[in-house]
Amino acid sequence: MKKPTSAPRSKAPGKQRRKTREELNLEARDRKNDKKHRGNAAGSRAKGTDGASGGNKQKQQQDPRIGSKKPIALGVTDAPVVKQHKPKSEKPMLSPQAELDMLESDERLDALLERLENDEVLSAEEQKWVDAKLDRIDELMQQLGLTYEDEEEDEEEEEGKEDMMRLLRGGN
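Sequence order as written defines residue numbering, which begins from 1 separately in each chain. Where totals are concerned, whole chains, interfaces and linings use all residues; where local detail is concerned, this predicted model gives features only for residues with pLDDT of at least 70, and gives and counts side-chain atom pairs only at 80 or more. Think of the side-chain values as coming from all heavy atoms in the structure, minus any hydrogens and water.

## Focus: the overall build of the protein chain
Part 1 of the argument: Scanning the protein chain for helices and strands turns up six helices and zero strands.
Part 2 of the argument: In DSSP terms, a helix is any run of H or I states spanning at least four residues, a strand is any run of E spanning at least two, and both are numbered starting from the N terminus. Going from the N terminus to the C terminus, the protein chain shows its helices and strands as α-α-α-α-α-α.
Part 3 of the argument: Across the 172 residues of the protein chain, 6% fall into the buried class.
Part 4 of the argument: Sequence-distant contacts, at least 24 apart, represent 37% of the contacts inside the protein chain between residues at least 6 apart.
Part 5 of the argument: We get accessible surface area from the Shrake-Rupley algorithm with a probe of 1.4 Å; when it comes to residues, only the shown protein chains can shield them. Summed over its atoms, the accessible surface of the protein chain is roughly 17800 Å², and 51% of this surface lies on carbon and sulfur atoms. For the exposure calls, accessible area comes from a 1.4 Å probe over protein chains only, and a residue counts as buried if that area is under 20% of its type's maximum, exposed if over 50%, partly exposed in between. In what follows, residue pairs with any heavy atoms lying within 4.5 Å of each other are defined as contacts.

This is the structure in structure tokens:
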């Protein structure tokens, strides 16, 4: 005997089974977890944007950090210390004669020397400045082989004294 066959089931959806509370909670957690990971990765601002330059991946990536890339030796090294050159002075180098002329025509120096001749007292700073300028004038005159007129008179007096000493000793 033939068994009665059951009616073929239709492809129409049947009654859906209700999800339990646990399954609903699990799905909600998964959705929340997916939402959490939507943004950029941590530290993406410091790394720079790689998405915009798709074809430039062959180039070497530049270091986004600012500053010198020169390596610095840590600890004691035997390498000689590099001395920095001093910046050039603001005044251009003058010949000794030009510098002497400039110092002799200095109005401030003349005014201060005139005050000294009038027996006025200068401040410590002014006196130091006058002394430095007079010392520089002496150095320049020695370099140029010039002498003061007063020194020439002193030399003549010394020669006269030597002559007098020879006469007093009785030597010819």
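## As for a negative patch on the surface
Part 1 of the argument: Exposure above 30% relative accessible area and no salt bridge define the residues that can form patches, which grow by joining like charges within 9 Å and nonpolar side chains of Val, Leu, Ile, Met, Phe, Trp and Tyr within 5 Å. Salt bridges are defined by distance alone: a side-chain nitrogen of Lys or Arg within 4 Å of a carboxyl oxygen of Asp or Glu. Neither His nor the chain ends contribute to the count of charged residues, in which Lys and Arg are positive and Asp and Glu negative. In this description, the location of a charge corresponds to atom NZ of lysine, CZ of arginine, CG of aspartate or CD of glutamate. Residues Glu107, Asp110, Glu114 and Glu117 make up a contiguous surface patch of negative charge.
Part 2 of the argument: Among the structural elements, Glu117 can be located in helix α4 (residues 107-117).

## Brief notes about the nonpolar core
Soluble globular proteins: nonpolar side chains tend toward being buried together.
Part 1 of the argument: Joining through side-chain atoms within 4.5 Å is the link that ties buried Ala, Val, Leu, Ile, Met, Phe, Trp, Tyr and Cys residues into a set, and such a set is a nonpolar core. Listed in full, the nine residues of the largest apolar core are Leu100, Leu103, Leu109, Leu112, Leu122, Val130, Ile137, Leu140 and Met141.
Part 2 of the argument: Secondary-structure elements contributing two or more residues to this core are α3 (96-104), α4 and α5 (124-144).
Part 3 of the argument: Among the elements that take part in this core, α5 stands out by supplying four residues, more than any other.
Part 4 of the argument: Apart from residues no more than four positions distant in its own chain, Val130 is found in contact with Leu109, Leu112, Leu113, Leu116 and Leu122.

## So, the environment of Glu104
Part 1 of the argument: Following the sequence through the fold, Glu104 ends up in helix α3.
Part 2 of the argument: In this structure, the C-alpha to C-alpha distance between Glu104 and Lys133, residues 29 residues apart in sequence, is 9.6 Å.

## Examining the side chain of Glu99
Part 1 of the argument: Within the fold, Glu99 resides in helix α3.
Part 2 of the argument: There is a polar contact of 2.9 Å between the side chain of Glu99 and the side chain of Arg136.
Part 3 of the argument: Not counting the four nearest positions on each side in its chain, Glu99 is found in contact with Leu94, Arg136 and Leu140. Contacts described as polar in this section are N or O atom pairs within 3.5 Å, which, within protein, must combine one atom able to donate a hydrogen with one able to accept it, while residues neighboring in sequence count only if both atoms come from side chains.

## Describing the packing of α3 against α5
Part 1 of the argument: Lines are fitted to the C-alpha atoms to define the axes, a helix being fitted only along its stretch in contact, and any angle between axes, read from their N-to-C directions, falls within 0 to 180 degrees. Contact pair α3 / α5: the axes reach a minimum separation of 10 Å and the direction vectors enclose 145°. The hand of the α3/α5 crossing is left-handed. Of the residues in α5, those touching α3 at Pro96, Gln97, Glu99, Leu100 and Leu103 are Lys133, Arg136, Ile137, Leu140, Met141, Gln143 and Leu144.
Part 2 of the argument: Only Asp, Glu, Lys and Arg are considered charged in this grouping, and only Ala, Val, Leu, Ile, Met, Phe, Trp, Tyr, Cys and Pro are considered nonpolar; every other residue, Gly among them, is considered polar. Of the residues assigned to the contact of α3 with α5, the class counts are seven nonpolar, two polar and three charged. In this scheme the crossing of two helices becomes right-handed for a clockwise turn of the near helix relative to the far one and left-handed for an anticlockwise turn of less than a right angle.

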